[in-house]
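Examination of the molecular architecture
Here's the letter readout for the chains.
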Amino acid sequence: MHELSLAISILEIVSQEVSDHFGGGASAGGRLDSVAVRIGKLSGVEPEALEFAWEVARERSPFPGARLEIDLVPVRARCSGCGEPFEIDAMICACPACGPAPFRVVEGREIEVSRIVWREREAEEVRKG
Amino acid sequence: MSEEGRVRVIDLKRNVVARNDEIAASLRERFRAERLFVVNLLSAPGSGKTTLLEKTITGLARRLRFLVIEGDLKTARDAERIAATGARAVQIVTNGTCHLESRMIVSALEETTVADRDAIVIENVGNLVCPSSFDLGETARVVLASTTEGEDKPEKYPFMFEKADVIVLNKIDLLPYVPFDREAFWASVSRVNRTAARFEVSCTSGEGLDQWFAWFEERVGAIRTTA
């Protein structure tokens with residue numbers, strides 16, 4: 001269950017971003033609606049375990065209502081023989097063009113926060129309008 | 001009427017394990033400066049990590065000085081086994097955390113000295129999933145499997161086997177007694193990793209250990225002689 005450490009790290013990143021963009025502490029001026037993360041299929045992260053860990057971790061964070069959206073990133077590699085990129089399906093790893101040449105995984109190991117969605121308070125909207 | 005107002009969307013690209021990777025990068029820099037060969041030893045529980053380590057330390061005792069960092073969920077039993085071989089051992093008890101992180105290696109190194117060592121072996125927590133996400137600054141990732149496990153392990157745990165620099169198959173003395181198909185195992189390895197060095201050993205009979213020792217010593221030598 002390293003997903004719990006990851007969920008806590010995601011919340012730390014989000015906390016920092018919220019304070020950078022919206023300032024004045026997490027609850028000031030609105031609430032966090034959702035967080036999107038990109039999880040590579042080769043990252044070793046189990047999406048269901050991460051969702052479960054998220055529900056546990058967010059309770060003790062300033063964002064107890066925030067949803068987690070997981071985008072799974074397919075594994076892509078580049079053949080060292082011909083340089084062609086190709087997608088790896090179910091880990092049958094051979095370049096479709098030249099077969100047994102070595103290859104390098106170029107995508108699919110991601111564990112990253114890609115988006116946060118913040119809802120500003122109505123009061124602010126009214127004041128501005 | 002909605003209680004809430006404008007929606008603000010912030011697009012980012014922030015690596016969740018960035019902090020771990022940063023610490024690992026500084027460890028790697030330190031290991032390079034001190035010319036230390038550092039192995040991150042990984043396997044499922046029971047594949048024989050501690051036994052392979054005991055054999056390696058004993059087999060190379062006259063030529064190499066080891067520091068072993070032992071990661072365990074509970075108990076210091078493995079560190080005691082290593083200390084019995086005469087090598088220096090530091091224990092990290094993770095108290096339930098299923099993997100080692102680079103900051104734990106930094107703390108472990110604070111408890112000891114590495115100046116008089118040739119190699120560090122970090123014995124990770126027995127687990128084929130979680131430790132694969134955490135760089136420890138190692139020079140080489142060594143993944144151990146054994147003939148009492150399924151030969152399809154590499155494809156079941158591709159994230160672990162794909163990043164390995166070395167794959168060692170242990171317990172080959174048991175091949176006549178177990179349904180393990182070694183060719184199918186290496187074929188499975190080839191489907192996820194074509195570049196890793198491969199060894200077959202038995203820590204019980206000693207078969208294959210000389211080749212493993214030779215590889216290990218050569219790697220230590222190569223690091224020592226780099227300018």
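Higher on the page you've got the structure.
The following paragraphs examine the structure supplied in this document.

1. As for the overall build of chain B
If you tally the helices and strands in chain B, you get eight helices and eight strands. Along the first, second and third principal axes, the C-alpha set of chain B runs to 75 × 45 × 40 Å. Every one of the 227 residues in chain B was classed for burial, and the buried ones make up 52%. Nonlocal contacts in chain B, meaning residues at least 24 apart in sequence, comprise 73% of its contacts between residues at least 6 apart. Charge centroids of chain B, computed over 31 positive and 34 negative side chains, lie 3 Å from each other.

2. With respect to the sheet that holds strand 6 (residues 140–146) of chain B
All names here are of chain B. With parallel pairing, the seven strands of this open sheet are ordered in space as 4-3-5-2-6-7-8. On the outer flanks of this sheet lie strand 4 (88–93) and strand 8 (197–200), each paired with one strand and no other. Neighbouring strand axes in the sheet, compared pairwise and without regard to direction, differ in orientation by 20° on average. Taken together, the five bridges between strand 2 (residues 37–43) and strand 6 define a ladder with parallel strand orientation. Considered in strand 6, the bridge of V39 is made with A140.

3. So, the side chain of N20 of chain B
Residues and elements named next belong to chain B. With respect to the helices and strands, N20 occurs in helix 1 (residues 18–33). Classification of N20 as buried rests on a relative accessible area of 7%. Here N20 is in contact with E101, S102, F134 and D135, once residues within four sequence places are set aside.

4. Let's talk about the pairing of strand 5 (residues 119–123) of chain B
Residue and element names in this part refer to chain B. In terms of residue burial, strand 5 counts as a mostly covered element, since five of its five residues are buried. Alternating positions in strand 5 separate into two faces, A119, V121 and E123 on one and I120 and I122 on the other, with burial throughout. As judged from the five bridges shared by strand 2 and strand 5, these two strands associate in the parallel manner. When the bridges of strand 5 are listed, V38 appears paired with I120. Relative to strand 5, strand 3 (residues 66–72) is paired through five bridges, and the arrangement is parallel. When the bridges of strand 5 are listed, L67 appears paired with I120.

5. Digging into the environment of S26 of chain B
All names here are of chain B. Among the secondary structure elements, S26 is positioned in helix 1. The exposure class assigned to S26 is partly exposed, which follows from its relative accessible area of 47%. As for S26 and A164, which are separated by 138 residues in sequence, their C-alpha atoms are 21 Å apart. From its side chain, S26 meets the backbone oxygen of I23 in a polar contact 2.9 Å long.

6. Concerning helix 7 (residues 182–192) of chain B
Residue and element names in this part refer to chain B. Regarding helix 7, the residues found buried are F185, W186, S188, V189 and V192. Across the axial projection of helix 7, the buried residues extend over an arc of 155°, all falling on one side. The N-cap of helix 7, judged by a side-chain oxygen 3.1 Å from the amide nitrogen of E183 a few residues on, is D181.

7. What to know about the packing of aromatic side chains
Aromatic ring pairs are described here by two measures, namely the spacing of the ring centres and the angle between the planes. Residues and elements named next belong to chain B. Inspection of every chain in the model, using the stated rule, returns eleven aromatic pairs over all chains. Here F180 and F185 contribute two aromatic rings whose centre-to-centre distance is 5.6 Å and whose plane-to-plane angle is 45°, an arrangement assigned as tilted. Both residues of the pair, F180 and F185, count as buried. For the pair W215 and F216, a centre-to-centre distance of 6.3 Å together with 75° between the ring planes defines the contact as edge-to-face. This pair shows no difference in class: W215 is buried, exactly as F216 is. Members of the aromatic cluster, connected to one another through ring pairs, are F37, F66, F199, W212, W215 and F216.

8. Regarding unusual backbone geometry
All names here are of chain B. Positioned with a positive phi, R35 is a non-glycine residue whose angle comes to about 55°. In this structure, R35 sits in the loop between helix 1 and strand 2. Phi angles above zero are rare outside glycine, and K171 is one such case at about 65°. When you line up the elements, K171 lands in the loop between strand 7 (166–170) and helix 7.

9. Topic: the nonpolar core
One finds V35, L50 and V113 of chain A to be the most contacted residues of the largest nonpolar core, which totals 30 residues. Among the secondary structure elements, those contributing two or more residues to this core are helix 1 (3–22), strand 1 (30–40), helix 2 (47–59), strand 2 (67–73) and strand 6 (111–121) of chain A together with strand 1 (4–15) of chain B. Of the residues forming this core, the biggest block, eight residues, is contributed by helix 1 of chain A. When residues no more than four places from it in sequence are discounted, the contact partners of V113 of chain A are I10, I13, V14, V35, A36 and V37 of chain A together with L12, K13, R14 and V16 of chain B. The next biggest cluster of nonpolar side chains, apart from the first, holds 29 residues, and it includes V39, L41, V201 and W212 of chain B.

Each value, and the rule that gives it
- Residues numbered from 1 in each chain as written.
- Chains lettered and ligands numbered in written order.
- Predicted model: local features only at pLDDT ≥ 70, side-chain atom pairs only at ≥ 80, totals over all residues.
- Heavy atoms only, no water.
- Helix = DSSP H or I, 4+ residues; strand = E, 2+ residues; numbered from the N terminus.
- Buried < 20%, exposed > 50% of the residue type's maximum accessible area, 1.4 Å probe, protein only.
- Contact = heavy atoms within 4.5 Å.
- Lys, Arg positive; Asp, Glu negative; His and termini not counted.
- Charge placed at Lys NZ, Arg CZ, Asp CG, Glu CD.
- Pairing = 2+ DSSP bridges.
- Axes fitted to C-alpha atoms, helices over the stretch in contact; angles between N-to-C directions.
- Polar contact = N/O pair within 3.5 Å; in protein donor to acceptor, adjacent residues only side chain to side chain.
- Arc of directions from axis to C-beta.
- Phe/Tyr/Trp six-rings, centres within 6.5 Å; stacked < 30°, edge-to-face > 60°.
- Core = buried A, V, L, I, M, F, W, Y, C linked by side-chain atoms within 4.5 Å.

Structural measurements only, silent on function.
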